[in-house]
Amino acid sequence: MREMLPKRGRREEVLDRLEEAGGLRPGVAARVHRETGVPEADVYGVGSFYHLLSDPDAGVRVCQGLSCKLAGSDALKADLEAAGTKAGFVSCLGRCDFAPASWEAGSEPPPPVTALSPSHPDFAIDLAAPEETGYEALRLAVEKGADWVCAELETSGLQGRGGAGFPAAFKWQAIRRQPETERYVVLNADEGEPGTFKDREVILRRPHLVIEGLAIAAHALEAGDVYIYVRGEFGRVKAALIEALNEARESGHLDESVTWHFVDGHGAYICGEETALLEALEGKRGMPRMKPPYPVEKGFRSKPTLIQNVETIACVPAILKRGGEWFKAAGRTEAGSKLYCLSGHVRNPGVYEAPLGLTMAELLELAGGATGTLKAFSPGGASSGFLPSGQLDVAMDFKSLAAAGSMLGSAGVVVLDDSVDMVEAALSQAVFFEDESCGQCSPCRIGTQIIRQTLERYLESRDPGTLADLTEVAWGMGEASICGLGQAAALPLTSAMKYFPEEFGLGG
Ligand SMILES: Cc1cc2nc3c(=O)[nH]c(=O)nc-3n(C[C@H](O)[C@H](O)[C@H](O)COP(=O)(O)O)c2cc1C
Ligand code: SF4
């Protein structure tokens, strides 16, 4: 639901109205059409795109992300059904540290406490530290001005923590160069990449860092509105942020000329992609836009828009208070400290902050090591594919993992022991990408389906001949898909085939 939003466009109201109506139940599309003037078929098309709206009576949603699959989500769903409870699978619930996870709309028990790294003076976020509410960095930003803010950001070398690793300062500077003065700041809190649950913890534990970072961005970019897009299953997370915003307002820290808006996600992973998120904000299906133009130039309502991940924005206050040089030096191979999520076959699943570029072996050690004999790991969410245990010395940074044919992505590390069949693991990721493809472009829409079907056929027959066309399909997806989902969706398969060929009947 949109809060604190002066209703502007009628189309922008469509998702709110569908949500208020409890989802796409019979008669709802016609009613929303009457209320907004948007054609009924269009309203239906929007509602049917979003899992939480299209199937409002799904019952208990059981996560089938890889970590949950490894921890027995199939058995959990079967047990629920055997007990007479309606249950269905869902792609990801952002609770890989408490696998197998399940969730029912409208009921959100308090989250159990995840494992964290102990507080450390060189951490930019420092999840275990007590919350600071002085808004000292915002005061400095106002006092010293936007040039100083952007210069510190540039010195810091801060790269976006949402997946792409794009330098934050470039985006801030690009927006400041735009002649258009209607500008927006958007927080991407849609965290939906299986294996990733760091943004959840940042907001639950350090919500004031997030509010302060957003306020600094709005001030530096002269944006009049801040939009906070929170994934629909994260009700408590959103509540923590609203509470922090109210506290900051009551304490007089915030510029009252900025309007803050909260918008709920509705269960579509693709809306984490920045342009799909903008489409969702505008009340449409979350289908990624062609880029360029980039959001810094034409974003929300075609106006210059800064879209930043939760962890990225939460790094900003520490950078301004302690200096860009301090932040840069806190990393090992790349700038700053970084939050890594560990789940799967690991002793202490949780969120660990460490210098960007520590090795996978060191990271595993932080989480107490693997629970069995390590076989493989997925370094950065489903999109990053798999690396074998022989590559434990890889630096967990953007460049090194790209050089290894993988990616740091959102740093959602899933650990696999030698009990795992890599064909099953690749299939689990293939199911995810097929379910979450927006269907807009054919290489992704058809390619994800072919990969899933082929792997299922191979598992039945174990005949390597069934896999014959997959390399070509994967190539087409990587080359011709519009967005990062389709471009990366074949990587779990191709990496598993590369490092574990014998499991695909391809000899060693
Ligand atoms: C399929 C897909 C899903 C994504 N999901 C998220 C997400 O859940 N959260 C996020 O912050 N970025 C996500 N991103 C990255 C965003 O497109 C964008 O790069 C990011 O929000 C920019 O913020 P940053 O520079 O601070 O990382 C996703 C990208 C793709 C291609
Ligand atoms: S690559 Fe997939 S998710 Fe991305 S735009 Fe194309 S169909 Fe949609």
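Everything that follows concerns the structure shown earlier in this document.
Residues numbered from 1 in each chain as written. Chains lettered and ligands numbered in written order. Predicted model: local features only at pLDDT ≥ 70, side-chain atom pairs only at ≥ 80, totals over all residues.

### Some remarks on the environment of Ser-257
Note that Ser-257 resides in the loop between helix H12 (235-250) and strand S7 (259-264). A tally of 8 C-beta atoms within 10 Å means that Ser-257 is categorised as exposed. Along the backbone, Ser-257 and Gly-72 are 185 residues apart, and their C-alpha atoms lie at a distance of 50 Å. (Helix = DSSP H or I, 4+ residues; strand = E, 2+ residues; numbered from the N terminus. Buried ≥ 20, exposed ≤ 12 C-beta atoms within 10 Å, placed from the backbone.)

### Things to note about the site of ligand 1
Close contacts around ligand 1 come from 22 residues, with Gly-160, Gly-162, Gly-272, Asn-309 and Gly-484 the closest. Top contributing element to the shell around ligand 1 by residue count: strand S8 (residues 305-309), with three residues. When the residues that make up the shell around ligand 1 are grouped by side-chain class, the tally is six nonpolar, 10 polar and six charged. Counting residues domain by domain, the shell around ligand 1 receives three or more from each of domain 3 (116-329) and domain 5 (422-504). (Near = placed C-beta within 6 Å. Nonpolar A, V, L, I, M, F, W, Y, C, P; charged D, E, K, R; others polar. Domains from an automatic or database assignment.)

### Side note on the site of ligand 2
Surveying the vicinity of ligand 2 reveals 14 residues, the closest of which are Cys-438, Cys-441, Cys-444, Cys-483 and Gly-486. Elements with a contribution of two residues or more to the shell around ligand 2: helix H19 (442-461) and helix H21 (484-488). For the shell around ligand 2, the per-class residue count stands at eight nonpolar, five polar and one charged.

### Section: the sheet that holds strand S2 (residues 87-90)
With respect to topology, three strands assemble into an open sheet ordered S2-S1-S3, the strand pairing being mixed. Whereas interior strands pair on both sides, the edge strands pair on one side only; in this sheet they are S2 and strand S3 (102-104). Taking the axes of each pair of neighbouring strands and ignoring which way they run, one obtains an average angle of 30 degrees across the sheet. One ladder, built from three bridges, connects strand S1 (residues 60-63) with S3; its direction is antiparallel. Residue pairing for S3: Val-60 is matched across the bridge by Glu-104. In this fold helix H6 (residues 73-82) packs onto S1, S2 and S3, with an angle of close to 160 degrees to the strand it touches most, S1. (Pairing = 2+ DSSP bridges. Axes fitted to C-alpha atoms, helices over the stretch in contact; angles between N-to-C directions. Contact = placed C-beta atoms within 7 Å.)

### Considerations on the environment of Asp-418
Structurally, Asp-418 is set in the loop between strand S13 (412-417) and helix H18 (422-436). Residue Asp-418 is classed as exposed on the basis of its C-beta count, with 12 C-beta atoms lying within 10 Å. Through-space distance from the C-alpha of Asp-418 to that of Ser-389 is 9.9 Å; in sequence the pair is 29 residues apart. When residues no more than four places from it in sequence are discounted, the contact partners of Asp-418 are Gly-372, Thr-373 and Lys-375.

### Here we look at helix H3 (residues 40-49)
Those residues of H3 that fall on the buried side of the exposure criterion are Val-43, Val-46, Gly-47 and Phe-49. The buried side chains of H3 occupy one side of the element, clustering within an arc of 160 degrees when seen end-on. Packed against the buried residues of H3 are helix H1 (14-20), helix H2 (28-36) and helix H4 (51-54). (Arc of directions from axis to C-beta.)

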